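Results of the structural survey
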Amino acid sequence: MSAAGAGGSGTTDAAAPSLPRWTGPPLGSLAVIGVGQIGGSVALAARAAGAVTDVVGWSRSAETLRRAGVAGIVDRAAPSAREAARGAAVVVLATPVLTLGALAEEIAPVLRDDALVIDVGSTKRAAVAAVENHVARFVGCHPLAGTERSGPDAATAALFAGRLCIVCPTGRTPPELVALAERFWSAIGARPLRMDAALHDRVLGAASHLPHVAAYALAAAVGAIDAEGGETSAALRALGTTSLRDSTRIAASSPVMWRDIFLDNRAEMLPLIDRLAAAVGDLRAAIAAGDGAHLEAFLEAARAARGKVVPG
């Protein structure tokens, strides 16, 4: 996920007046299944925008659910995902992507006929298919927002302000439901963008998932040096360079969430990881050979490539 503004706590509703507002009567109750940073932020933003009347939450972790209540994210805690979804006008599935199919199966029998069900997962093709097997009124969504922080303490009503939210309807998605989902995201500050689920996974594999692979691998490599202990380890800790901090920032993200993303999108990621490994191998060969000309050409080509794909 791309970094949004600095993550805050559930008490950051002071930013809410600057958010777009829901027009017309509120939809009704909002059920958030998974009250971490993203799910919690949806709850805070939707309430602040006037899109919902109240928020019911559920989490696999009782402690996470307790913290969500303390932070003012949820008005009521449910004992199960099914009970959270019962009677809700909007249901947000905000758990790791490999859990979405099972959750959809669990909540399907208690959904209102007119309920809107959305997710916030970082992979779409398999997740959308898994949910659609059980829930007809579902729109796959991916807000490109969030930080390396996790949990309800990192939720903020302003998280989606100005951020893209990719919406991935299929041939089974009712058009009016897509419009409602886009209206909901717009009301909480996001900018909806429709995209085919397969294209989403291909593009996000390069733009988001591969950078996380690189960051985790770099953190692991440097961590191995630190684990050796001694003078080098002490000096490494003392320096705390901005290069290392910036390059590994996203490796502080939730391992459970990224485990599922890597596995769910492995068809797109494996060729990208091979490209990354080949590029590192080329760089290593040039350094090992002392080939300054090749090394400079590699670095210059990489800098030019970055300028094409990273705005600003």
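Coordinates for the structure precede this section.
Everything numeric here is computed off the predicted structure, so don't read it as measured data.

Following the criterion strictly, the structure yields zero disulfides and no others. Residue Cys141 stays outside any disulfide, its sulfur separated by 4.9 Å from that of Cys165, the closest cysteine. Classification of Cys165 by relative accessible area gives buried; the value is 0%.

Before going further, it helps to examine the layout of surface pockets. Estimated volume of the largest pocket: approximately 1,700 Å³. What lines the largest pocket is a set of 42 residues, among which Ala206, Leu210, Pro211, Arg306 and Val310 lie closest to the centre. Of all the elements in the fold, those that place two or more residues in the lining of the largest pocket are helix 7 (197-227), helix 9 (242-248), helix 11 (266-289) and helix 12 (292-309). Considering each element in turn, the lining of the largest pocket owes the most residues, 13 residues, to helix 7. The residue makeup of the lining of the largest pocket, split by class, is 29 nonpolar, seven polar and six charged. Approximately 680 Å³ is the volume found for the second largest pocket. Together, 35 residues line the second largest pocket, and Gly36, Ala94, Pro96, Ser254 and Met257 are the ones closest to its centre.

Moving on: the environment of Asp119. One can find Asp119 in strand 5 (residues 116-119). For Asp119, a relative accessible area of 0% translates into the label buried. Distance in space between the C-alpha atoms of Asp119 and Val97 is 8.9 Å, their sequence separation being 22 residues. Those residues in contact with Asp119 that sit more than four places away from it in its chain are Leu93, Leu100, Lys124, Phe138, Val139, Gly140, Cys141 and Trp185. Reaching out from Asp119, the side chain makes a polar contact with the side chain of Lys124 at a distance of 2.9 Å. A distance of 2.8 Å separates a polar side-chain atom of Asp119 from the backbone nitrogen of Cys141.

Along the polypeptide, Ala49 turns up in helix 1 (residues 37-49). The spatial distance from the C-alpha of Ala49 to the C-alpha of Pro79 is 27 Å, given a sequence separation of 30 residues. With near-sequence residues (within four places) excluded, Ala49 lies in contact with Pro20, Arg21, Trp22, Ala187 and Ile188.

The rules behind these values
Think of each chain on its own: its residues are numbered from 1, step by step along the sequence as written. Selection of residues for local features in this predicted model requires a pLDDT of at least 70, selection of side-chain atom pairs for listing and counting requires 80 or more, and totals for whole chains, interfaces and linings are taken over all residues. Working from all heavy atoms in the structure, the side-chain values ignore hydrogens and water. In this description, the term disulfide denotes a pair of cysteine sulfurs within 2.5 Å. Accessibility here uses a 1.4 Å probe with only protein chains present; expressed as a share of the type maximum, an area under 20% marks a residue as buried, one over 50% as exposed, and anything in between as partly exposed. The way it works is a 1 Å grid over only the protein atoms, where trapped points that fit a 1.4 Å probe form a cavity and open points with protein on both sides within 12 Å along at least five of seven lines form a pocket, and then any residue with an atom within 4 Å of a point lines it. Grid points are joined across faces, edges and corners, and a volume is the space filled by probe spheres set on the points. Secondary structure elements are taken from DSSP: a helix is a run of H or I of four residues or more, a strand is a run of E of two residues or more, and numbering for both begins at the N terminus. Under the convention adopted here, Pro, Cys and the residues Ala, Val, Leu, Ile, Met, Phe, Trp and Tyr are nonpolar, Asp, Glu, Lys and Arg are charged, and Gly plus all remaining residues are polar. Two residues form a contact once any of their heavy atoms are found within 4.5 Å. The definition of a polar contact used here is a pair of N or O atoms within 3.5 Å, where within protein one atom must be able to donate a hydrogen and the other to accept one, and adjacent residues in sequence count solely through side-chain atom pairs.

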